[in-house]
Amino acid sequence: MRTETPQPIRLDDYRPPAFLIEEVSLAFDLHPNATRVKARLSVRRNGDHAEPLKLNGERLKLVSVTLDGRPLSEGEFSVDAEFLTIATTPDVFTLETEVQIDPENNKALEGLYMSGGRFCTQCEAEGFRKITYWPDRPDVLSRFTVRIEADAAYPHLLSNGNLTEKGELPGGRHYAVWNDPFPKPCYLFALVAGELDVLEDKLTTMSGRSVELRIFVDPGMAPRAAYAMDALKRAMKWDEETFGREYDLDLFMIVAVRDFNFGAMENKGLNIFNSSLLLADPDTATDMDYERIESVVAHEYFHNWTGDRITCRDWFQLCLKEGLTVFRDQSFSADMRGHAVQRIKDVKALRARQFAEDQGPLAHPVRPSSYLKIDNFYTATIYEKGAEVIRMLKTLIGPEAFRAGMDLYFERWDGHATTVEAFIRCFADATGRDMSDFFGWYEQAGTPRLSLASRYDASRRALEIEVSQETPATPGQPSKRALPVPIRLGLLDQDGRTMAFEMDGKAVDETVVVLDAGKATIELSGVDREPVISALRGFSAPVVLSTDAEPKDRYVLLAADPDLFNRWEAGQTLARELIIARAKGKPDEVGEERFAEAMSRALSDQSADPAFKALLLALPSEPDLALILQPAQPAAIHEAREALRLRLAVHMADELKRLHSGLQEAGEFSPDAASAGRRALRNAALELLAANPKADVAELADGHYRGAGNMTDAMGGLTALMLMGGPEYEAALTDFYDRWKHEPLVIDKWFALQARDPDETALGRVMGLTAHPAFDPKNPNRLRALVATFANFNPVRFHDPSGAGYRFLADQILAVDSFNPMIAARLVDPLGGWRRYAPELGQLMKAELQRIVRTEGLSKNVYELVSRALGEETAGA
């Protein structure tokens, strides 16, 4: 049990750095268990003060320290577990330190560590302090020169910037020197050394410069990096065309590593990727893998300007680089794969992760005001909601003004560390608008609830729409203010035809109104007959919308809304209402049959994109439904959802089988959006058929799996078999493992599939898999595949009434916390929402949180999240 309470870091306490480091030279003498790091820092006092020099450093063995060439005696400096402090220094000086570190035994995967026999780094957010002594904060920007020495067994020696020198050394060693001409914070430092294959290409920028592109991967894996290379080149061109941003170095590199806490890292000129987000071929990767690779490669490249060239002043400004860059990568993906389909996928992810976050004890603003460990704030609120705030900004001011504001931001802040206020000020200055109310989206936690009621006056040909907003209280913010909410809306008649109306004296068929008060009345004139309102088109704001629309209106939207997001949303709303009614013990069987008929008609629409149809077939997820039914009852939700799936499967059986047969592809695999959409619809049809586990469906699923010509279809068949269970499933599982046991990324899928199995034996299976020879909890990918998938995506079994699922997760958190606190903390969330569940479940969840927080030696990472989940006084808002 902790004997002291960690103290939070607060935004209000920000002070500029006491010292700046303009130049640094690092020399690495690489050895797996005893790497020596020499650092030569050109230091300048920042301002008129007499503060001591205080450098962060953890898990470092100090060998020597000199100031202006003079070795310091023990009395002239002090070292503890977190800092090197030098009490007296000149205003300008050179500091040299030498430390020893142990990469081989660094299982926290922060700083310099070993992965697959190679050296690699991860420094965001606070990993650099585990490499050398440094003021580890993002507002200290320095120019880095890096010399790396290693045995010839590590042939590639890589770091940021441009390679300026390399050569051989005695004793079978060699070296390389890298120089990065652009000042950067230490969290963007990167080093990789090892045996790697490389895929090379070139790109000519818009100014005519030639840039070398290199992707480094495990030996023999270079062909699997081809799609990532293609995505990189498309992203570079897109950023030039869309934002006018050109790459600035002569070389851009990406390295894939097996062991990585994050998905990828945007280190300047040397991105480091989790191999799961870089390697793909048709045999081993699904369409979703290809899609994620495209998105993440773009995301990390876009950071070159929104994160690297312009970085955040402090970690409270994390959304400045992450929310903005997510918006940029989502926009890129929409251009690559279709705007409506991409928007639906983005909103599904937002609701699944961020809306749940806002409803729980871990709710926080897009820009938080305090934290214990910044690692805990790489959240959906920072990323996905941060992107939604940028999207609203563009909606409010228009695309041309948005581009002008972005251009001003790049011009004004290039080469600096800045703040969210400075970012928003660029748009205020570019448009002449007061943006102070909009800034509330960054400061206020919670998801606004929007209510809409309408009244049609036929005599005046006028439609009145009353709109109100309310944001529930969140931890530390009991009262909320109204925020500016852009509402994109249009009208349809009862036959689904678009209706024109008048706004400000002009005839339009769509408009954006802004609700910037608690409530308002909007009047649309020139409305010829009573309309169906299509509100919040394109999900124009991250809110929960409720309306007075009747089911018949939603069926009109489902059938005919020209806004495909709202067409999909109408289907989701109808399904949610039917499932929740059944979960409450009040099934609407007539309504369910009507819904099945409407879905059948939608599926028969030959004009609709197959990818859109695939999304339409997927009912709201059980975790999403648990946010609506309060208190949440996972077993009732699961049973009700399965009942609706069964009704759809029976009603639409012939159409689903026709789709499954007609969409089978015999040609060469292509990862393009159209081909992926057809595969998605075919697999969605099979998955829905599996809700009615008849012998012919089991035979169809088994044939689908065994006849699959790519991993997408193999996983589609295996998923259908899993949902039905039985000997065919067990045989396919064994076949899959035997076929792919030497492919780690594929075996991650094997573990994750079993973790999702809703069968009552699932928990026992998952616990047994932790003893499987292929399960390694020290590999974050494998741990996430099994443990996180079970806790997050198998609610009916995780929330077992005995509490066994909760105990299993708590045991895993405590075990992982002993060597990787960052990953352990990310497992806490499924227990954090205990107040939302029925008391008999919530109290069992709470008991496991209490057991965790009482554990001696608990990390700050886990302590912060568990304490907040329990409602104890700690950082985070």
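Residues numbered from 1 in each chain as written. Predicted model: local features only at pLDDT ≥ 70, side-chain atom pairs only at ≥ 80, totals over all residues. Heavy atoms only, no water.

## Some remarks on helix 19 (residues 727–740)
Along its 14 residues, helix 19 runs 20 Å from first to last C-alpha, staying within 8% of the 20 Å computed at 1.5 Å per residue. For helix 19, the full list of buried residues reads Tyr729, Ala732, Leu733, Phe736, Tyr737 and Trp740. Along helix 19, the residues classed as buried sweep out an arc of 130° about the axis, all on the same side. Residues of helix 19 that are buried make contact with helix 17 (695–706), helix 18 (711–724), helix 20 (744–755) and helix 21 (762–769). (Helix = DSSP H or I, 4+ residues; strand = E, 2+ residues; numbered from the N terminus. Expected span 1.5 Å × (residues − 1). Buried < 20%, exposed > 50% of the residue type's maximum accessible area, 1.4 Å probe, protein only. Arc of directions from axis to C-beta. Contact = heavy atoms within 4.5 Å.)

## Looking at the sheet that holds strand 6 (residues 70–71)
One open sheet accounts for 8 strands, arranged 6-5-9-3-2-12-15-14; its pairing is mixed. Either end of the sheet is taken by a strand with one partner, and the two such strands are strand 6 and strand 14 (162–169). For strand 3 (residues 35–45) and strand 9 (residues 92–101), the ladder comprises 10 bridges, and the chain directions are antiparallel. Within strand 9, the position partnered with arginine 40 by the bridge is glutamate 96. (Pairing = 2+ DSSP bridges.)

## With respect to the packing of aromatic side chains
Centre distance and the angle of the planes are the two values used to describe a pair of aromatic rings. Evaluation of the coordinates by the stated rule reveals 39 aromatic pairs. Judged by centre distance (6.1 Å) and plane angle (85°), the rings of phenylalanine 790 and phenylalanine 798 are edge-to-face. When sorted by exposure, phenylalanine 790 lands in the same class as phenylalanine 798, which is buried. Within the aromatic cluster, the residues linked to one another by ring pairs are Trp238, Phe243, Tyr247, Phe252, Tyr301, Phe302 and Phe332. One cation-aromatic arrangement involves lysine 54 over phenylalanine 83; the distance from NZ or CZ to the ring centre is 4.4 Å. (Phe/Tyr/Trp six-rings, centres within 6.5 Å; stacked < 30°, edge-to-face > 60°. Lys NZ or Arg CZ within 6 Å of the ring centre and 35° of its normal.)

## Let's talk about helix 2 (residues 287–302)
Helix length check: helix 2 (16 residues) gives 23 Å between terminal C-alpha atoms against 22 Å at 1.5 Å per residue, within 8%. The element helix 2 is extensively covered by neighbouring structure, given that 14 of its 16 residues are classed as buried.

## Description of the sheet that holds strand 11 (residues 118–122)
Here we have 4 strands laid out as an open sheet, ordered 10-11-16-13, and antiparallel in their pairing. Because the sheet does not close on itself, it has two edges, and the strands there are strand 10 (111–115) and strand 13 (156–159). Taking each pair of neighbouring strands and ignoring which way they run, the sheet shows an average axis angle of 20°. (Axes fitted to C-alpha atoms, helices over the stretch in contact; angles between N-to-C directions.)

## Description of the environment of tryptophan 750
Its place among the elements puts tryptophan 750 in helix 20. For tryptophan 750, a relative accessible area of 7% corresponds to the buried category. Residues tryptophan 750 and isoleucine 344, spaced 406 residues apart in sequence, show a C-alpha to C-alpha distance of 27 Å. Ignoring any residue separated from it by four or fewer positions in sequence, one finds tryptophan 750 in contact with Leu733, Phe736, Tyr737, Leu769 and His772.

## Observations regarding the packing of helix 19 against helix 20
Across the interface, helix 19 lies against helix 20 with an axial gap of 9 Å and an inter-helix angle of 160°. Taken together, helix 19 and helix 20 sit at an angle that is classed as roughly antiparallel. Classified by chirality, the crossing of helix 20 by helix 19 is left-handed. Between helix 19 and helix 20, the contacting residues are Tyr729, Leu733, Phe736, Tyr737 and Trp740 on the first element and Val746, Ile747, Trp750, Leu753 and Gln754 on the second. (Parallel < 35°, antiparallel > 145°, perpendicular 65-115°, else oblique. Left-handed = near helix turned anticlockwise from the far one by under 90°.)

## Here we look at the pairing of strand 19 (residues 251–257)
The buried count for strand 19 comes to 7 of 7 residues, which makes it a mostly enclosed element. Along strand 19, one buried face is formed by Leu251, Met253, Val255 and Val257 and the opposite face, lined by Phe252, Ile254 and Ala256, is buried too. Bridge count between strand 18 (residues 210–217) and strand 19: 5 bridges; the pairing is parallel. When the sheet's bridge partners are listed, arginine 214 is paired in strand 19 with methionine 253. With respect to chirality, the unit in which strand 18 leads through helix 1 (residues 226–243) into the neighbouring parallel strand 19 is left-handed. (Right-handed = clockwise from strand over helix to strand, strands pointing away.)

## Regarding unusual backbone geometry
The linkage connecting glutamate 124 with the following residue, alanine 125, adopts the cis geometry, with an omega of 5°. The topology assignment puts alanine 125 in the loop between strand 11 and strand 12 (142–151). Omega for the peptide link from glutamine 630 to proline 631 comes to -5°, which places this bond in the cis form. Note that proline 631 resides in the loop between helix 13 (622–626) and helix 14 (634–651). A positive phi angle, close to 60°, is found at arginine 59, a residue other than glycine. On the secondary structure map, arginine 59 appears in the loop between strand 4 (53–56) and strand 5 (61–67). The class for arginine 59 is exposed, based on a relative accessible area of 56%. For leucine 109, which is not glycine, the phi torsion reads 60° and is therefore positive. Relative to the helices and strands, leucine 109 resides in the loop between strand 9 and strand 10. Judged by its relative accessible area of 4%, leucine 109 is buried.

## Considering the side chain of aspartate 561
Looking at the element boundaries, aspartate 561 is found in the loop between helix 9 (551–560) and helix 10 (564–583). You can call aspartate 561 buried: its relative accessible area is 0%. Engagement of the side chain of aspartate 561 in a polar contact is seen with the backbone nitrogen of aspartate 563, the distance being 2.9 Å. Ignoring any residue separated from it by four or fewer positions in sequence, one finds aspartate 561 in contact with Leu492, Ser534, Arg537, Val556, Asn566 and Arg567. (Polar contact = N/O pair within 3.5 Å; in protein donor to acceptor, adjacent residues only side chain to side chain.)

## Let's talk about the nonpolar core
Counting 297 residues, the largest nonpolar core has Phe28, Phe189, Phe423, Phe438, Tyr442, Leu524 and Phe595 as the members making the most contacts within it. Beyond its immediate chain neighbours, meaning those up to four positions away, leucine 524 contacts Arg461, Ala462, Leu463, Ile465, Leu489, Leu491, Phe501, Glu502 and Met503. (Core = buried A, V, L, I, M, F, W, Y, C linked by side-chain atoms within 4.5 Å.)

## Details of the pattern of salt bridges
Applying the stated rule across the entire model yields 78 salt bridges. Residues lysine 184 and aspartate 180 are paired through a salt bridge, measuring 3.0 Å at the closest nitrogen-oxygen approach. In this pair, the class of lysine 184 matches that of aspartate 180, namely buried. Between aspartate 429 and arginine 412 there is a salt bridge, and its shortest N-O distance comes to 3.0 Å. With aspartate 429 in helix 7 (residues 420–431) and arginine 412 in helix 6 (residues 399–413), this pair connects stretches of sequence that are 17 residues apart. On the accessibility criterion, aspartate 429 (45% relative accessible area) is partly exposed. Residue classification places arginine 412 among the partly exposed residues on the basis of a relative accessible area of 34%. (Salt bridge = Lys/Arg side-chain N within 4 Å of Asp/Glu carboxyl O.)

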